[in-house]
Amino acid sequence: MIASTDARGPRAVARAAAGLLLGAFTAGAELALLAVAALLMAYSLAFSRGQRTVPAVVAEVAQAVTELERWRLRRFLGEDRPAEYGPLKALAYLVLRVPVGLLGGVILLLIVYGAAAGVRLALGWWVTGEYMDGIPPSLWIVLYTAVAGLVLLFLAAQGLVGVAALEKGVARRCLGPSPLEEYERRITQLSVTRAQVVDAVDDERRRIERDLHDGVQQRLVALGMLIGRARRAGAPDRAAELLKQAHEESQRALADLREVAWRVYPAALDGEGLRAALETVAERSAVPVAIRYDVPGRPPHAVETAAYFVVCEAVTNAAKHSGAGRVLVDVAASATMIRVRIEDDGAGGADPGGGGLAGLARRVAALDGAFAVESPPGGPTVITAELPCG
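Each value, and the rule that gives it
Residues numbered from 1 in each chain as written. Predicted model: local features only at pLDDT ≥ 70, side-chain atom pairs only at ≥ 80, totals over all residues. Heavy atoms only, no water. Axes fitted to C-alpha atoms, helices over the stretch in contact; angles between N-to-C directions. Helix = DSSP H or I, 4+ residues; strand = E, 2+ residues; numbered from the N terminus. Parallel < 35°, antiparallel > 145°, perpendicular 65-115°, else oblique. Contact = heavy atoms within 4.5 Å. Nonpolar A, V, L, I, M, F, W, Y, C, P; charged D, E, K, R; others polar. Phe/Tyr/Trp six-rings, centres within 6.5 Å; stacked < 30°, edge-to-face > 60°. Buried < 20%, exposed > 50% of the residue type's maximum accessible area, 1.4 Å probe, protein only. Core = buried A, V, L, I, M, F, W, Y, C linked by side-chain atoms within 4.5 Å. Expected span 1.5 Å × (residues − 1). Left-handed = near helix turned anticlockwise from the far one by under 90°. Pairing = 2+ DSSP bridges. Patch = residues over 30% accessible without salt bridge, like charges linked within 9 Å, V, L, I, M, F, W, Y side chains within 5 Å. Areas by Shrake-Rupley, 256 points an atom, 1.4 Å probe, with all protein chains shown as cover. Salt bridge = Lys/Arg side-chain N within 4 Å of Asp/Glu carboxyl O. Lys, Arg positive; Asp, Glu negative; His and termini not counted. Charge placed at Lys NZ, Arg CZ, Asp CG, Glu CD.

**A short note on the packing of helix 1 (residues 10-46) against helix 2 (residues 56-76)**
Two numbers describe how helix 1 lies on helix 2: the axes approach to 10 Å, and their chain directions differ by 170°. In terms of their interaxial angle, helix 1 and helix 2 are classed as roughly antiparallel. In this structure, helix 1 uses Arg15, Ala16, Ala18, Gly19, Leu22, Gly23, Thr26, Glu30, Leu33, Ala37, Leu40 and Met41 to contact helix 2, whose residues at the interface are Val57, Val58, Val61, Val65, Glu69, Trp71, Arg72, Arg75 and Phe76. Here the contact of helix 1 with helix 2 is composed, by residue class, of 13 nonpolar, three polar and five charged.

This is how it looks when you write it as structure tokens:
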């Protein structure tokens, strides 16, 4: 039953129970601390000449104990939300969580007492053949005791689930940002990501223009010059040679144009999906690329596109700048997330603020995803993108 507060399984149940037991002990210690803090604050208020301040020692102890409680919630109950609080919020949190923690300790004590009573009764039946006080057991007495014990155990387990939910609810209410602050933060984040998307689109347009100018356009200029020289050539052999060179130049221009079109958006991504598009990236890469793909079904189109460009840019950077000998691409899915991880064995030192990686970060942020680059000198370079797709 307690597994619903964190993950499923006996281990999670035991971890949650241990967290509630630890919370009961800390609640007792915090009750004593709050009593001392109340005396110190009363003394400070009486002699502070109207200035309502929290004594420094009380503020430091309250924040330290609150951080201990946040570690307990994170370690045992899986509560890991951001917190923004000062001394007054920390004191308010401790005041509210002390009765919750003590309640959890009482419920755990009742469970232990009930288990001990059940063991004593069972041993009495098996060893002495007596129920209690010399009364022999009967079938109805055994059934009554078993049913009553199971009902009480169920109620106690539900009580622990409620205590765990209260623990997390009190922490969110007292320590986390208010709903208004969350909305303001979300609005700010959306404004920033919108501006970043516009910048990313402009950067992509500049890159396409540069590729066309430096590649395809130069090829077409050379092609036009070769055709012009062939038209002016007097000797048929010379004209044939120039036309041959023009034909070869047209093939190279066509290859460059296909490369630009493929980098803008691969047709395989729409037709065959992300896996086929990544296999194309691996085939075209100058370094060996191994792909592990574990995504059932097809993710949303925007997620597929972002994942593809993350992999494509990371593989291109590894081939051009890191001197890598191999690249490993791992794409996996959870219930609400697509996780893309690219690792190469190159020299490292990649700059997350560089144009390509910064553009990827903006693209991932536009989907409310997370993007990280780890590239210590000497390598390896690990690029991770987490894209929500729930």
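**Describing the packing of aromatic side chains**
Per the counting criterion, the structure on display carries two aromatic pairs. With 5.9 Å between their ring centres and 90° between their planes, Trp71 and Phe76 make a pair best called edge-to-face. Trp71 sits in the partly exposed class, given a relative accessible area of 40%. Classification of Phe76 as buried rests on a relative accessible area of 15%.

**Quick word on unusual backbone geometry**
Among all residues except glycine, the phi angle is most often negative; among peptide bonds, the trans geometry is most common. Positive phi, normally seen in glycine, also occurs at Asp368, with a value near 65°. Position of Asp368 among the secondary structure elements: in the loop between helix 10 (355-365) and strand 4 (370-374).

**Observations regarding the environment of Ala24**
Structurally, Ala24 is set in helix 1. Given a relative accessible area of 15%, Ala24 falls into the buried group. Spatially, the C-alpha atom of Ala24 lies 8.2 Å from that of Val98, the residues being 74 residues apart in sequence.

**Let's talk about the nonpolar core**
Ranked by internal contacts, the top residues of the largest apolar core, which has 35 residues, are Tyr308, Val331, Val340 and Ile342. Residue assignment for this core shows that the elements contributing at least two residues are helix 8 (274-284), strand 1 (289-294), helix 9 (301-322), strand 2 (327-333), strand 3 (337-344), helix 10 and strand 5 (381-388). Considering each element in turn, this core owes the most residues, eleven residues, to helix 9. Among the nonpolar cores identified, the runner-up in size contains 26 residues, and Ala16, Ala37, Val58 and Val170 belong to it.

**Description of helix 1**
The end-to-end C-alpha separation of helix 1 is 53 Å, in line with the 54 Å expected for 37 residues at 1.5 Å each. Within the sequence span of helix 1, burial applies to Ala12, Ala16, Gly19, Leu20, Gly23, Ala24, Thr26, Ala27, Glu30, Leu34, Ala37 and Ser44.

**A short note on the packing of helix 8 against helix 9**
Packing of helix 8 against helix 9 leaves a shortest axis separation of 10 Å and a crossing angle of 10°. Between helix 8 and helix 9, the angle is such that the two are roughly parallel. Between helix 8 and helix 9 the crossing geometry is right-handed. Residue-level inspection shows Leu274, Ala277, Leu278 and Val281 of helix 8 in contact with helix 9, the latter providing Glu304, Ala307, Tyr308, Val311, Cys312 and Val315. Looking at the contact of helix 8 with helix 9 residue by residue, the classes come out as nine nonpolar, no polar and one charged.

**As for the pairing of strand 2**
Two strands pair when backbone bridges link them, and strand 1 and strand 2 are joined in this way by six bridges, in the parallel orientation. Residue pairing across strands places Arg292 opposite Asp330, the latter belonging to strand 2. Hairpin geometry of strand 2 and strand 3 is characterised by an intervening segment of three residues between the two adjacent antiparallel strands.

**Description of a positive patch on the surface**
Among the surface-exposed residues, Arg229, Arg231, Arg232 and Arg238 lie close enough to one another that they form a single positively charged patch. Sort the elements by how many residues they give to the positive patch and helix 5 (residues 179-232) lands first, with three residues. Looking at where Arg229 falls in the secondary structure, it is placed in helix 5.

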